[in-house]
Amino acid sequence: MRLRIKCTPPQLLLIVFVISIILGSILLKLPFATVGSISWINAFFTSTSAMTVTGLAVVDTGQSFTLFGQLIILILIQLGGLGIMSFAVLIAMILGKKIGIKKRLVVQQSLNQNSFGGIIRLIKYLFIFSITIELLGAILLSFTWVPDFGLLKGIYYSLFHSISAFNNAGFALWQDSLMNYVGNPIINIAITSLFILGGIGFTVLVDIWKTKRFKKLALHTKLMIVGTLLVNVAAMFIVFLLEYTNPDTLGSLTTLSDKLWASYFQGVTPRTAGFNSLDTASLREPTIFFIILLMFIGAGSASTAGGIKLTSFIVILFSVISFLKGKEELVISKRAIKQSIILRALAITSLGMLFLVVGVFILSITENSPFIAILFEVTSAFGTVGLSMGLTGSLTIPGKIVIILVMFLGKIGPLTLAFSIAKPARTKIKYPGEEIITG
């Protein structure tokens, strides 16, 4: 007698994700996965950080893990970045098996799509683009790291960091991330290009590939391109202005080109990338607060990135502007935005802020650290960014558990969690309206 457990696509997505993290923890706990020994909580933390493509590390990835352990982390990053259900569908396609509606719905949920029409086509593009971009990134990085470390090690380092960057994971094989390459043009261009392409969203990449003309692009694609460009340029110059005279960051760099490269890298990396070329803990408080805002916003939907997503932020921002102008309908680029999309953006943002408040409150009790460092850590975990002011390594066990939960919630998304718990309540009954005084 076969036991069948009925669950919704969001619930199935949660279950698969949790099982993958547990399996990753077991593999990382194997004796030949680490140089020394690693505790269960640290193995579970690392597995969660890799699967959620966050990059927060309680142990040094390059020094604590063997080649086997690093490859496990790399596999978890790839699974988490592209979606484990996407891999499951790809394998089924290779084996010639039929992709049922339920599997399509789960993939739709994992890729944050509004409908499951064209999901299979999107998965094909997803893997083609991902493999191509990661290989091109590795080739570009190898121009620096092959001469530095030799052929095999140089290729491995290039491939590891290319996959980590494209999936917005932020895992590096050096304890200080990429600080040794703060002024290296090849490293700066390659790494930032990888995580910007990974974070802009697969639907955007597919739309650009198929359409090729800006005017004919979907509104979502236009918003992501323009929004990403504006935010990145603004972030670069804000970091440059705020840190220019800081002797512990930009002030210590001798040339203007190094300062500009560092400002650019540190300005775009909070979009859930997690790499750093400057010491994050040495940044000034205004810069730290600005980075917190960027981490909370995140990058694009249906991407390897986290946060509330740039389009959610844009919709809320334009909704406020529209309300202040006395308009009853939100219009962006001569397109009316549905009320359901506005409500969705508000729900995502509200739930995200709730997660942050709860996480910060608990960590302020369990950790003996400055409030700004705690807020930075929790926001980094929720946005699956991976930047830290140095708090990660000193977290208590309760603190690690909180960050694990926040990373998990940040990756699966607030609405996926809500939909997996709540039961849909559909009714045809309509009630009379009444005014409520607000503001």
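The structure this text deals with has already been given above.
Just so you know, the residues in each chain are numbered from 1, in the order the chain's sequence is written. For this predicted model, a pLDDT threshold of at least 70 governs which residues receive local features, and a threshold of 80 or more governs which side-chain atom pairs are given and counted, while totals over whole chains, interfaces and linings are taken from all residues. Each side-chain value is derived from all of the structure's non-hydrogen atoms; neither hydrogens nor water enter the calculation.

(A) Up close: the overall build of the chain. By definition, any uninterrupted DSSP run of H or I lasting at least four residues is a helix, any uninterrupted run of E lasting at least two residues is a strand, and each is numbered from the N terminus. Along the chain, the regular secondary structure elements total 18 helices and two strands. The classification of residues rests on relative accessible area computed with a 1.4 Å probe and restricted to protein chains. Under 20% of the type maximum is buried, over 50% is exposed, and intermediate values are partly exposed. Taking all 439 residues of the chain together, 52% fall into the buried category. Any two residues whose heavy atoms approach within 4.5 Å are treated as being in contact. In the chain, once contacts between residues fewer than 6 apart in sequence are set aside, the share between residues at least 24 apart is 70%.

(B) Spotlight on the packing of helix H11 (residues 219–243) against helix H13 (residues 285–297). Here H11 crosses H13 at 165 degrees, and the two axes come no closer than 10 Å. If you check the angle between H11 and H13, you find them roughly antiparallel. In this structure, H11 meets H13 at a crossing whose hand is left-handed. Touching Val231, Ala235, Ile238, Val239, Leu242 and Glu243 of H11 are Pro286, Thr287, Phe290 and Leu294, all from H13. Classification used: nonpolar for Ala, Val, Leu, Ile, Met, Phe, Trp, Tyr, Cys and Pro, charged for Asp, Glu, Lys and Arg, polar for all others including Gly. The residue makeup of the contact of H11 with H13, split by class, is eight nonpolar, one polar and one charged. Only the stretch in contact is used when fitting a helix axis, every axis being a line fitted to C-alpha atoms; angles between N-to-C directions are given from 0 to 180 degrees. If an angle is under 35 degrees, it is roughly parallel; if it is over 145, roughly antiparallel; if it lies from 65 to 115, roughly perpendicular; otherwise it is oblique. We call a crossing left-handed when the near helix sits turned anticlockwise from the far one by less than a right angle, and right-handed when that turn is clockwise.

(C) The arrangement of helix H10 (residues 202–211) in detail. Residues of H10 that are buried include every one of Phe202, Val204, Leu205, Val206 and Asp207, and no others. Two residues or fewer past H10, Lys212 is found with a positive phi of approximately 70 degrees.

(D) Region of the structure containing the nonpolar core. Counting residues in hydrophobic clusters, the biggest one holds 65 residues, and the most contacted among them are Ile77, Trp145, Leu178, Ile191 and Phe275. When residues of this core are assigned to their parent elements, the largest contribution, eight residues, is made by helix H7 (residues 119–149). Nine residue types can take part in a nonpolar core, namely buried Ala, Val, Leu, Ile, Met, Phe, Trp, Tyr and Cys, and a core is a set of them joined through side-chain atoms within 4.5 Å. Judged by nonpolar contacts, the second largest core, of 38 residues, contains Val58, Leu253, Leu395 and Met407.

(E) Representation of unusual backbone geometry. The phi dihedral of Asn168 is positive, around 55 degrees, even though this residue is not glycine. Examined against the element boundaries, Asn168 turns out to sit in the loop between helix H8 (151–166) and helix H9 (185–200). Asn168 gets classed as buried once you look at its relative accessible area, which sits at 0%.

(F) Region of interest: the packing of aromatic side chains. Only Phe, Tyr and Trp rings take part, Trp by its six-membered ring, and two of them pair if their centres are within 6.5 Å. Stacked means planes under 30 degrees apart, edge-to-face means over 60, and tilted covers everything else. Taken as a whole, this structure holds 17 aromatic pairs when the rule is applied. Here the aromatic rings of Tyr156 and Tyr157 are separated by 6.1 Å at their centres, their planes lie at 70 degrees, and the arrangement is edge-to-face. For the pair Tyr156 and Tyr157, a shared accessibility class is recorded, and that class is buried. Residues Phe166 and Phe202 carry aromatic rings whose centres are separated by 6.3 Å and whose planes lie at 55 degrees to one another, so their mutual orientation is tilted. With Phe166 in helix H8 and Phe202 in helix H10, this pair connects stretches of sequence that are 36 residues apart. Seen from the ring of Tyr244, Lys259 lies directly overhead, with NZ or CZ sitting 5.1 Å from the centre. Our definition puts a charge over a ring when NZ of Lys or CZ of Arg is within 6 Å of the ring centre and also within 35 degrees of the ring normal.

(G) View of the side chain of Thr48. Checked against the element boundaries, Thr48 lands in helix H2 (residues 40–51). Assessed through its relative accessible area of 1%, Thr48 is described here as buried. Setting aside residues no more than four positions away along its own chain, Thr48 makes contact with Ile21, Ile404 and Met407.

(H) How the structure looks around the packing of H13 against helix H16 (residues 371–382). The interhelical angle for the contact between H13 and H16, taken along N-to-C directions, is 25 degrees, at an axis separation of 9 Å. Relative to H16, the element H13 lies roughly parallel. Between H13 and H16 lies a crossing whose hand is left-handed. Facing Glu285, Ile288, Ile291, Ile292, Met295 and Phe296 of H13, the residues of H16 in contact are Ile372, Leu375, Phe376, Thr379, Ser380 and Phe382. Here the contact of H13 with H16 is built from residues that sort into nine nonpolar, two polar and one charged.

(I) Geometry of helix H12 (residues 256–268). Here a helix's expected span is defined as the number of its residues, less one, multiplied by 1.5 Å. With 13 residues, H12 should cover 18 Å at 1.5 Å per step; its first-to-last C-alpha distance of 18 Å lies within 8% of that length. Of the positions making up H12, those classed as buried are Asp258, Lys259, Ala262, Ser263, Phe265, Gln266, Gly267 and Val268.

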